[in-house]
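Residue-level listing of the chains:
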Amino acid sequence: MDGLVSRRQLSLELALALLARVREEAEARDLSLAAAVVDPGGDVLATQRMDGAALGAMQLAVGKAFTAVSWATPSGAFAKSTQPGGEDWGWNTTDARIVVYPGGIPLLVDGELVGAVGASGGTAAEDEECVVAAAGGLGFD
């Protein structure tokens, strides 16, 4: 079986470093965000809620990360297609963890999905900017 299974996993240390980067990006934009990192199965590895972030932001951050890892696609990619008349209309209502707003991105290493990160608390565009910059700063694809 050697060589048939690749098992790259995010460590807690790396998840915490990613959250620190999200926090730095948020502070640079004068934002207070909640952020979450999930593993390839969508299970939470680490979360943070910055001082002043809305209580509800954490659930959205986790949902954005879950959505991004579930389809290996940024959560915001589904914002239009899930609207009435869209080709994916309604599927986002099948699981309460699915959030189709921008701010969640898959984490890839050499093209392999290793998890996802999500953030909420700013505008959807600001949330997305923070996670993209944080992940890029740590060398994710």
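The structure we're discussing is the one just above.
In this report, the structure presented in the accompanying data block is examined. This one's a predicted model, so the numbers in the text were calculated from it and none came from an experiment. (Residues numbered from 1 in each chain as written. Predicted model: local features only at pLDDT ≥ 70, side-chain atom pairs only at ≥ 80, totals over all residues. Heavy atoms only, no water.)

1. Remarks on the pattern of salt bridges
Stage number 1. Taken as a whole, this structure holds four salt bridges when the rule is applied.
Stage number 2. The salt bridge partner of E129 is R29, with a shortest N-O separation of 3.4 Å. Remark: R29 occurs in the loop between α1 (12-28) and β1 (34-38) and E129 occurs in helix α3 (residues 124-137); sequence separation between them is 100 residues.
Stage number 3. Exposure remark for R29: the relative accessible area of 30% places this residue in the partly exposed category. (Salt bridge = Lys/Arg side-chain N within 4 Å of Asp/Glu carboxyl O. Helix = DSSP H or I, 4+ residues; strand = E, 2+ residues; numbered from the N terminus. Buried < 20%, exposed > 50% of the residue type's maximum accessible area, 1.4 Å probe, protein only.)

2. Looking at the nonpolar core
The nonpolar side chains of soluble globular proteins are, as a tendency, buried together.
Stage number 1. In this structure, L18, V22, L33, V37, L107, V117 and F140 are the most contacted members of the largest nonpolar core, which totals 22 residues.
Stage number 2. Listed by contribution, the elements that provide at least two residues to this core are α1, β1, β3 (104-109), β4 (112-120) and α3.
Stage number 3. Not counting chain neighbours up to four residues away, the residues in contact with L18 comprise V37, L107, V117, A134, A135, L138 and F140. (Core = buried A, V, L, I, M, F, W, Y, C linked by side-chain atoms within 4.5 Å. Contact = heavy atoms within 4.5 Å.)

3. Focus on unusual backbone geometry
Stage number 1. The phi angle at D30 is positive, at roughly 60°, despite the residue not being glycine.
Stage number 2. The backbone of A72 sits at a positive phi, close to 50°, despite the residue not being glycine.
Stage number 3. Examined against the element boundaries, A72 turns out to sit in the loop between α2 (57-71) and β3.

4. Quick look at the packing of aromatic side chains
Stage number 1. Taken as a whole and assessed by the stated rule, the structure comprises three aromatic pairs.
Stage number 2. Plain terms: the ring middles of W71 and F78 are 5.9 Å apart, the flat faces sit at 65° to each other, and that makes the pair edge-to-face.
Stage number 3. Judged by its relative accessible area of 11%, F78 falls in the buried class.
Stage number 4. Taking the centre distance of 5.0 Å and the plane angle of 85° together, the rings of F78 and W91 count as edge-to-face. On the criterion of sequence distance, the pair formed by F78 in the loop between α2 and β3 and W91 in the loop between α2 and β3 is long-range, its members being 13 residues apart.
Stage number 5. Overall, W91 belongs to the buried group, its relative accessible area being 17%. (Phe/Tyr/Trp six-rings, centres within 6.5 Å; stacked < 30°, edge-to-face > 60°.)

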